[in-house]
Amino acid sequence: MTARSTFHFATTKGGALIALLFCLGGPTSAAPPDVSKAPAGASACLGCHGASETELPSLNKLSESEIESAMDAFRTGAREATLMNRIAKGFTPDETRALAQWLVTQGRAP
Amino acid sequence: MSLTRRTLLATTAAALAAPSLAQAPAKVVVIGGGFAGATAARFLQREGVSVTLVEPNAQYISCPFSNAVLAGLRNLSQQTFTYKAIAAQGITIAQQAATQIDAQARRVTLTDGTVLTYDRLVMAPGIDLNFASLPGYDEAASTLMPHAWKAGAQTTLLRQQLEAMPDGGTVIISAPANPFRCPPGPYERASLIAWYLKTNKPKSKLLILDAKDAFSKQSLFTAAWKEIYGDMIEWIGLSGGGKVTEVKARENIFVTEFGEHKADVGNVIPPQRAGRIATIAGATDQTGWCPIDPVTFEAKLVPNIHVIGDAAVGGGMPKSAFAANAQAKACAYAVSALLRGDNPAEPKLINTCYSLVKPDYAISVAGVYAPAKGLLADVQGAGGVSVANAPASVRAAEAHYAEGWYKTITQEVFG
């Protein structure tokens, strides 16, 4: 995970170039989901699967491979579901992998 | 001129020409604090954008699950949310209505005359009831024959009328042509009112007068109605004469091309269009809705104004709270990218929508959407409705999951 950082260059009267580095909101474990890096579709998952366990599971406790294999199984029909199979079919294996990766890194629900 | 002053001026000029997150934060005004607008405000603020949310109401009363309030299964307080957590996040709340938008100057005027400037504007004005399109129906008529299509006092009024109705009465619901907010909503409403009637006033009838010949989750609703409610619910579609052309509110009468239907309780769900501010901004077309770009949600008719939620059209996504929330996140990403000078990546969107047919019995529709030919098109092979002829355990599981969805989404949007 990379911190978002900004360089400011200022020219002094002496002509020396001073580079100032400001770290804005470095990542912490409680950082909210960074939608700017979300692969297609991933941020929508959080509408049902949040930080808290409800009648629906939170994805925060799952690993990347657990999310990916669950989605693969929903897509192929190997795992039965009321609804997730209809959604998983909308994502290719590559899209599913990217989505799982994001969900366990920047996508952790706050 | 000193070097320092020249640098300062150059910086100011650059900031005006291309607002950048690296300098003063870019300014986004979000109009509307529903599922779409509140979500967009929160995700934009987390992107480092300076966000003002324009919303005249201090509380939000949510439509999803409000049909359960009509049936006495929930209280309106369980539907009510505040903007406190959103304000605490660092979003400025302007508790006003937007009255004017100058798209050229990028300015929004509020009720009290305050002028807000923006780099980009996100509009989530929801729906307006299109009273002009249904003779006899207006704000005053809705105090006699409620629409209850915006949750709140109208929900309470319809509930009171149902409670006051004697056993053996007739409830009539009129449903509009597409598109409108919450496509399965009128049929979930019919189901849950029938539940209330069956358990409290079993000699009563429920009639749906519909301006269309097909509706969302139709075969699932129809099968469930027969199984659970016998012949209590009758549906008349467009070709059977179901289109309501006029209402006589003082007499509780629905007029169709085929005759008149008198109700004991009449619920008029009128035709709709995008919230009025969208038209003031010039973002609506002749249909009354806002066509949008499927990648950025920027209005096709006005630059720098993005439209999300129920007011937007452009493809297969239904007007649901889930879709509004998903669109808001994709839009927040696109707006943030545009403000940085980046190209937004193509989004993929999901919709999920549960309808209760009775307590512990729900059916769902899902869809996955991606940009194609300028629209947000259905991804082929994905989506669809719950399986037919499923055992009760599957319907109960979906009712259970619907509760979970509501808790999660309201936490993400308002918590």
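Higher on the page you've got the structure.
A brief look at the structure comes next. (Residues numbered from 1 in each chain as written. Chains lettered and ligands numbered in written order. Predicted model: local features only at pLDDT ≥ 70, side-chain atom pairs only at ≥ 80, totals over all residues. Heavy atoms only, no water.)

Residue and element names in this part refer to chain A. A complete count under the given rule lists 17 salt bridges over all chains for this structure. The partner of lysine 61 in a salt bridge is glutamate 53, with the nearest N and O atoms 3.3 Å apart. Classification of lysine 61 by relative accessible area gives exposed; the value is 59%. Salt bridges sharing common partners tie together Glu68, Asp94 and Arg97. (Salt bridge = Lys/Arg side-chain N within 4 Å of Asp/Glu carboxyl O. Buried < 20%, exposed > 50% of the residue type's maximum accessible area, 1.4 Å probe, protein only.)

All names here are of chain B. Inspection of the secondary structure assignment puts arginine 395 in helix 10 (residues 392–414). Arginine 395 sits 265 residues away from asparagine 130 along the chain, and the two C-alpha atoms are 35 Å apart. Sequence-distant contacts of arginine 395, that is, excluding residues within four places in its chain, are made with Leu220, Asp360, Tyr361, Ala362, Ile363, Ser386, Val387, Ala388, Asn389 and Ala390. (Helix = DSSP H or I, 4+ residues; strand = E, 2+ residues; numbered from the N terminus. Contact = heavy atoms within 4.5 Å.)

Time to look at the side chain of Ser58(A). Residue and element names in this part refer to chain A. Positionally, serine 58 belongs in the loop between helix 1 (42–45) and helix 2 (64–76). Here the side chain of serine 58 touches alanine 51 through a polar contact of 3.3 Å, landing on its backbone oxygen. Beyond its immediate sequence surroundings of up to four residues, serine 58 is in contact with Gly50, Ala51, Ser52 and Glu53. (Polar contact = N/O pair within 3.5 Å; in protein donor to acceptor, adjacent residues only side chain to side chain.)

On to helix 2 of chain A, then. All names here are of chain A. The end-to-end C-alpha distance of helix 2 is 18 Å, a good match for the 18 Å that 13 residues give at a rise of 1.5 Å each. Three or more residues of helix 2 are buried, namely Ile67, Glu68, Ala70, Met71, Ala73, Phe74 and Arg75. In this structure, the buried side of helix 2 is in contact with helix 3 (84–88) and helix 4 (93–104). Positive backbone phi, approximately 90°, marks glycine 77, located one or two places after helix 2. (Expected span 1.5 Å × (residues − 1).)

Take the sheet that holds strand 16 (residues 259–262) of chain B next. All names here are of chain B. What the 3 strands build is an open sheet, ordered 14-15-16; its pairing is antiparallel. Strands at the two margins of the open sheet, each flanked by one partner only, are strand 14 (244–248) and strand 16. The average angle at which neighbouring strand axes cross in this sheet is 25°, direction not considered. Looking at chain direction, strand 15 (residues 253–256) and strand 16 are connected through 4 bridges and run antiparallel. Residue pairing across strands places valine 255 opposite glutamate 260, the latter belonging to strand 16. (Pairing = 2+ DSSP bridges. Axes fitted to C-alpha atoms, helices over the stretch in contact; angles between N-to-C directions.)

Function cannot be inferred from these measures alone, as they are strictly geometric.
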